[in-house]
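Results of the structural survey
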Amino acid sequence: MPSFPILQRSSEEKILYSDRLTLERQKLTVCPIIDGEEHLRLLNFQHNFITRIQNISNLQRLIFLDLYDNQIEEISGLSTLRSLRVLLLGKNRIKKISNLENLKSLDVLDLHGNQRDVDNLPCLQRLFLSFNNISTFESVCCLADSTSLSDITFDGNPIAQESWYKHTILQNMMQLRQLDMKRITEEERRMASVIAKKEEEKKRESQKQSLLKEKKRLTINNVARKWDLQQHRVTSIAANQDRKDSDSPSQDPCQVDGSTISAFPEETGSLDSALSNALQGLSVTDTHLVEVDGDTLSLYGSGALESLDRNWSVQTAGMVTTVSFTFIEFDEIVQVLPKLKIKFPNSLHLKFKETNLVMLQQFNALAQLRRIDQLTIDPQGNPVVSFTLWKYYVLFRLSHFSMQKINGTEVTQNDMIMAERLFGILAHVASSELPQYRLISILGDARKKQFRYLLETKGKKPGVVSEENNDSKRLVGENTNRATLNYTTRDFYNEKLEEIKEKKKFCKMYIEDLVKEATEINMKNEALQKLWPQMFIELVRDAVIEIRNKSSYMKLCLQQITDQK
């Protein structure tokens, strides 16, 4: 029995790369025994000397198996890998496709560059491959290693109809003198080299875009997982509090089913070999993402809000007209709205998805922006959308923006009238219940002047104020009423509560000190009142005794004066 090496990874490696294992260029001649890794989904054996596929039958979750550039002669040992979707066996010695009938999920099978009859003819000079149904260059690229080959034909094959056919053949088979029975000129070689370089640059750029797209997907997936964990934790804490109130046993609030928290399912389709290798090095630890795509700024995760502190170029900032927030608490967004107004003055369209918009009052915070033409609230993660009248409240509270669309629907004049009818009385009641000093404190400088003007004209006779001033008064009154509808975030509210507690504590201590001091003064006064009659008698007696002998008293006084000098 041959001896097989046993693979054991450290716990740190398992945590970092839990679902993938790379054994590339390890000079392996056999597949090692892989125990305790049944959860693997990607296994890479590229560039080794393995002659037989074995010892991987226990990896039943495997999706991607890469055995490129080995010495395998037969396809075997794969019958139990029913989840396998990508099998890369290029550049081996396989002559026959077999033993794949159990792999029902297999999507990609790569057998290019395997051993062919022509490989055994090192002195071959002319090769005719016309009408052989050759459709890809990879199926014949092994011929590029034949230094003696000078003439070759591919006419009559699908590959000969491709636009890249001629320059690809010439670029990879530099030793050729004739192609399809036609002599190759130096100009054709030069053109092939130029086109090949452009194609290579295009391929690299395409691969770069694919990597960026995949990294974006992985990052968003990671942000979604963190968001779902946070939401589950909040929900569990609330549920536990309810259980405690009803004296029922509670459950660990951090216990979350990891299989249900992904908002973006993992894509496990077939990937190019080089691309799959590059993806192994991607970092998926990012917890936020900032992306500018055309006129749209997309922010994923609360950490993305810090990007508003960047020094954005004037051109980029001016180009952004749409800002999208995803997986961010709305209360955190409220805190950066003043920055958004300054950094991106042309932003007219706001989008909210998974932001915990749960009540109408939260829309009040948007009134501080410079302008909003469109508002999109995704139902996912925003329960407020389930309220029947939420759109009318937005139109009423943000009427000074003259919004054009809400969730893609045009806003009509009838919508504005209905919003005023539904919520106009609400603003009137809110403003009438506030004291004057509180009302003035929440208005801007311009509003304060207008409000004072209204107060000054309030006592005048009706005939003194013109109709124009009456209209102005009505308009200012409506704006003032709406301004009283504010929203305070939980954090700000908690800070205010703490501030109030500190003030109460200080006032209590100050009053206690005053009371203590007053009590001591009162006690001293009462004691003095009790002792004063006796003290007065003693003072009079001492004075009479001292001046009874006038001459002696005068000498004593003179002596005291002399001593003081």
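All residue numbers refer to position in the chain's written sequence, counted from 1. Local features in this predicted model are restricted to residues whose pLDDT is 70 or higher, and side-chain atom pairs enter the listing and the counts only when it is 80 or higher, whereas totals over whole chains, interfaces and linings include all residues. No hydrogens and no water enter the side-chain calculation; it runs on all heavy atoms of the structure.

Named according to an unreviewed UniProt entry, the protein chain is Leucine-rich repeat-containing protein 49 isoform X8 originating from Equus przewalskii.

1. Observations concerning the side chain of Glu37
Heads up, the condition is: What counts as a helix is a DSSP run of H or I of at least four residues, what counts as a strand is a run of E of at least two, and both are numbered from the N terminus. In protein, a polar contact requires one atom able to donate a hydrogen and another able to accept it; more generally it is a pair of N or O atoms within 3.5 Å, and residues adjacent in sequence count only if both atoms are side-chain atoms. Every residue pair with non-hydrogen atoms within 4.5 Å of one another is taken to be in contact.
Along the chain, the position of Glu37 falls in the loop between β3 (33–34) and β4 (42–44). At 3.0 Å, the side chain of Glu37 and the side chain of Arg9 are in polar contact. For Glu37, the contacting residues outside a window of four places in its chain are Arg9, Lys14 and Leu59.

2. Remarks on the UniProt feature "coiled-coil region" (unreviewed entry) in the protein chain
As a reminder of what qualifies: UniProt positions are given in the numbering used here, feature names are shortened, and annotations may be inferred rather than shown by experiment.
According to UniProt, the positions carrying the feature "coiled-coil region" (unreviewed entry) are residues 184–217. Between the end C-alpha atoms of residues 184–217 the distance is 46 Å, and the span holds 94% helix and 0% strand.

3. Thoughts on the pattern of salt bridges
This is how it is decided: Criterion for a salt bridge: a side-chain nitrogen of Lys or Arg within 4 Å of a carboxyl oxygen of Asp or Glu. Exposure classes here rest on a 1.4 Å probe applied to the protein chains alone. A residue is buried below 20% of its type maximum, exposed above 50%, and partly exposed in between.
Evaluation of the coordinates by the stated rule reveals 13 salt bridges. In this structure, Lys216 engages Glu291 in a salt bridge whose closest nitrogen and oxygen atoms are separated by 2.9 Å. Here Glu291 lies in strand β12 (residues 289–293) and Lys216 lies in helix α3 (residues 186–245), a separation of 75 residues in the sequence. With a relative accessible area of 27%, Lys216 lands in the partly exposed category. Given the relative accessible area of 22%, Glu291 is considered partly exposed. The partner of Glu410 in a salt bridge is Lys405, with the nearest N and O atoms 3.9 Å apart.

4. Side note on unusual backbone geometry
Here the phi dihedral of His47 falls at roughly 55°; this positive angle occurs in a residue that is not glycine. In this fold, His47 is placed in the loop between β4 and β5 (64–66). Accessibility expressed as a relative area gives 18% for His47, which makes it buried. A positive phi angle, close to 50°, is found at Asn407, a residue other than glycine. Take Asn407: it is sitting in the loop between β17 (405–406) and β18 (409–410). Classification of Asn407 as partly exposed rests on a relative accessible area of 28%.

5. Notes on the sheet that holds strand β14 (residues 322–326)
Rules: DSSP bridges decide pairing: two strands pair if at least two such bridges lie between them.
Read from one edge of the open sheet, seven strands run β12-β13-β14-β15-β16-β17-β18, paired in mixed fashion. The outermost strands of the open sheet, each flanked by one partner alone, are β12 and β18. One ladder, built from five bridges, connects β14 with strand β15 (residues 349–353); its direction is parallel. When the bridges of β15 are listed, Ser324 appears paired with Lys351.

6. As for helix α6 (residues 330–343)
Using the following cut-off: Expected span, for any helix, means 1.5 Å times one less than how many residues it has. For a residue, the bend is simply the angle between two axes, fitted respectively to the seven-residue segment ending there and the seven-residue segment starting there.
The end-to-end C-alpha separation of α6 is 19 Å, in line with the 20 Å expected for 14 residues at 1.5 Å each. At Val336, α6 shows its largest kink, close to 50°, and the proline Pro338 lies no more than four residues downstream. Residues of α6 that are buried: Phe330, Asp331, Ile333, Val334, Val336, Leu337 and Leu340.

7. A closer look at the nonpolar core
The criterion, for reference: We define a nonpolar core as any set of buried Ala, Val, Leu, Ile, Met, Phe, Trp, Tyr and Cys residues linked to one another through side-chain atoms lying within 4.5 Å.
One finds Phe325, Leu350, Phe352, Phe363 and Leu366 to be the most contacted residues of the largest nonpolar core, which totals 47 residues. Taken together, the elements giving at least two residues each to this core come down to β13 (296–300), β14, α6, β15, β16 (374–377), α7 (390–397) and α8 (413–432). Sorting elements by how many residues they give to this core places α6 first, with six residues. Phe363 has contacts with Leu357, Leu375, Ile377, Val384, Trp390, Tyr393, Val394 and Leu398, leaving out every residue within four places of it along the chain.

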